[in-house]
Amino acid sequence: MTIIVVGVVQGIGLGFLFVPLSAVTLSKLPLERRTEAAGLYSLSRNIGSSIGISVVNSLLTTNTQVNHADIAHVTAVNRMFESPMIAKFWNPLTAAGRAALDAMIMQQAQIIAYIDDYKLLIATVSRC
């Protein structure tokens, strides 16, 4: 629910930002050029956001796979599996236990990938 509220607030904020900026920018053009300029402005904004989303998505996917490979070195002789509570849910000797263990490792790999990408974003923005 929180992510939906944050997305709505971001959308409203972007609407309040882009609409006045495009109105001010395009109002200085001659009347016969405004429609083409508005189309190119919207097209460039949409292409830029699509490229940005694609880059971030590919980074998240790649980082998740790399982190999963780094974390997934689990063996059945690990002392942690001697505990009955852990062996009940994450037994690497059963198919259900391996699936549950893999799901937990994937979740941790995704969290690490998000953190790494946010660090990259912060480093990129702070240099500007």
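Keep in mind that this is a model prediction, so the values were computed, not measured.

(A) Highlighting the overall build of the chain. Scanning the chain for helices and strands turns up four helices and zero strands. Radius of gyration (C-alpha) of the chain: 24 Å, far over the 14 Å computed for a compact globule of 128 residues. By principal-axis analysis of the C-alpha atoms, the chain measures approximately 75 × 30 × 25 Å. Classification of the 128 residues of the chain by burial places 12% in the buried group. Restricting the contact set of the chain to residue pairs at least 6 apart, pairs at least 24 apart contribute 51%.

(B) Structural view of the pattern of salt bridges. Taken as a whole and assessed by the stated rule, the structure comprises one salt bridge. Residues Arg33 and Glu36 are paired through a salt bridge, measuring 3.4 Å at the closest nitrogen-oxygen approach. Taken together, the residues Arg33 and Glu36, both in helix α2 (residues 31–71) and three residues apart, mark about one turn of the helix. What makes Glu36 partly exposed here is its relative accessible area of 44%.

(C) The environment of Thr124, seen in detail. Within the element layout of this structure, Thr124 appears in helix α4 (residues 95–127). For the pair Thr124 and Val6, spaced 118 residues apart in sequence, the C-alpha separation works out to 23 Å.

(D) Spotlight on the side chain of Thr64. With respect to the element layout, Thr64 can be found in helix α2. Setting aside chain neighbours within four positions, we find Thr64 in contact with Met106, Ala109, Gln110 and Ala113.

What counts and how
- Sequence order sets the numbering: in each chain, residues are counted from 1 along the sequence as written.
- Local features in a predicted model are, by the rule used here, given only for residues with pLDDT of at least 70; side-chain atom pairs are given and counted only at 80 or more, and totals for whole chains, interfaces and linings are based on all residues.
- No hydrogens and no water enter the side-chain calculation; it runs on all heavy atoms of the structure.
- Secondary structure is summarised from DSSP: a helix means a run of H or I of at least four residues, a strand means a run of E of at least two, and numbering begins at the N terminus for each.
- Only C-alpha atoms enter the radius of gyration; for comparison, a globular chain is expected to reach 2.2 Å times N to the power 0.38, where N is the number of residues.
- Burial status follows relative accessibility: with a 1.4 Å probe on protein chains alone, a residue under 20% of its type maximum counts as buried, one over 50% as exposed, and anything between as partly exposed.
- Contacts: residue pairs with any heavy atoms within 4.5 Å of one another.
- Salt bridge, as applied in this entry: a Lys or Arg side-chain nitrogen positioned within 4 Å of an Asp or Glu carboxyl oxygen.

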